Amino acid sequence: MGLVIAIDGPAAAGKGTLSRQIAETYGFQHLDTGLTYRATAKALLDAGLSLDDEAVAERMALAVDLGGLDRAVLARHEIGEAASKIAVMPAVRRALVEAQRMFSQREPGTVLDGRDIGTVVCPQAPVKLYVTASPQVRARRRYDEIIAKGGEADFDAIFADVRKRDERDMGRADSPLKPADDAHLLDTSEMSIEAAFRAAKNLIDAALKKN
Ligand code: DC
């Protein structure tokens, strides 16, 4: 079986960029598992259905097509908020985790990023990274990103939002966000994405030698 690389961390810590770089470097398949929660939430929103009905949300989760996940379409803030709400539902998680596990077995290797990859989805992954940064730094990156694109942003509102999202992701009963015991911590508060990538690459190269 190919190598499985599990990458977890809170929103806006840089794990998406890092995951894509790793997948590209090694020619591995990449799944941003947040998009599976977002696609489920979008299907509910589009159909005008309640975000509180677990059976309905489970049906939408079972219908998610991993081949049709479009980051640009799913990036909207309301979809992220709705995703964070339905992500607390055990039936939704079961359905999506099953699909994510199937994905993780693809050849020649896979990179999965999310909140519970190293703890729940792929606990046997030989490489586990937990990418984090302080809430201030993460909010600042979000803010800078919006401004760089010519948009308008309110730092305090973004900061409050980052904190609220963290609370929901870390505080839920089913699969809360936390580092696996054997995860390598990469705090990107004061580390460039290049430095984080180099650290990750060393770990992956060592795991590939053993594989
Ligand atoms: O990483 P993101 O912002 O696209 O994730 C959206 C929401 O999905 C996030 O608030 C929590 C949830 N999520 C999860 O519970 N487990 C994952 N493996 C990935 C995302």
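First, a word on scope: everything that follows refers to the structure included in this document. Given the structure is predicted, the values throughout are model-derived calculations rather than measurements. (Residues numbered from 1 in each chain as written. Predicted model: local features only at pLDDT ≥ 70, side-chain atom pairs only at ≥ 80, totals over all residues. Heavy atoms only, no water.)

**Quick look at the site of the ligand**
Around the ligand, the surrounding shell holds 14 residues, and the nearest of these are Arg-38, Arg-93, Arg-115, Asp-116 and Arg-172. In this structure, an oxygen atom belonging to the ligand sits 2.8 Å away from a side-chain N or O atom of Arg-93. Here an oxygen atom of the ligand sits 2.9 Å away from a polar atom, N or O, in the side chain of Arg-172. Burial of the ligand by the surrounding chains reaches 95%, relative to a free accessible area of 450 Å². Elements that contribute at least two residues to the shell around the ligand include exactly α2 (34–46), α5 (77–86) and α9 (155–171). At 3 residues, the largest contribution of residues to the shell around the ligand is made by α2. Here the shell around the ligand is composed, by residue class, of 3 nonpolar, 4 polar and 7 charged. (Near = heavy atom within 4 Å. Polar contact = N/O pair within 3.5 Å; in protein donor to acceptor, adjacent residues only side chain to side chain. Areas by Shrake-Rupley, 256 points an atom, 1.4 Å probe, with all protein chains shown as cover. Helix = DSSP H or I, 4+ residues; strand = E, 2+ residues; numbered from the N terminus. Nonpolar A, V, L, I, M, F, W, Y, C, P; charged D, E, K, R; others polar.)

**Observations concerning the environment of Arg-101**
Considering the arrangement of structural elements, one finds Arg-101 in helix α6 (residues 90–104). Exposure remark for Arg-101: the relative accessible area of 35% places this residue in the partly exposed category. Considered as a pair, Arg-101 and Val-120 are 19 residues apart in the sequence and their alpha carbons are 9.8 Å apart. Those residues in contact with Arg-101, other than ones at most four positions away along the chain, are Val-120 and Val-121. Polar side-chain contacts of Arg-101 include one of 2.8 Å to the backbone oxygen of Val-120. (Buried < 20%, exposed > 50% of the residue type's maximum accessible area, 1.4 Å probe, protein only. Contact = heavy atoms within 4.5 Å.)

**What about the side chain of Arg-165?**
With respect to the helices and strands, Arg-165 occurs in helix α9. Not counting the four nearest positions on each side in its chain, Arg-165 is found in contact with Ala-11, Arg-38, Gly-80, Glu-81 and Ser-84.

**Comments concerning the packing of aromatic side chains**
As enumerated under the stated definition, the model contains 3 aromatic pairs in all. Relative to Phe-28, the ring of Tyr-26 lies with its centre 5.8 Å away and its plane at 40°, an arrangement referred to as tilted. Ring geometry for Tyr-143 against Phe-155: centres 6.2 Å apart, planes inclined by 75°, an arrangement best described as edge-to-face. Here the residue Tyr-143 occupies a position in helix α8 (residues 135–148), and Phe-155 occupies one in helix α9, the gap between them amounting to 12 residues. Pairwise contacts between aromatic rings join Tyr-143, Phe-155 and Phe-159 into one cluster. Here Arg-140 stacks its cationic end above the ring of Phe-155, 4.8 Å away from the centre of that ring. (Phe/Tyr/Trp six-rings, centres within 6.5 Å; stacked < 30°, edge-to-face > 60°. Lys NZ or Arg CZ within 6 Å of the ring centre and 35° of its normal.)

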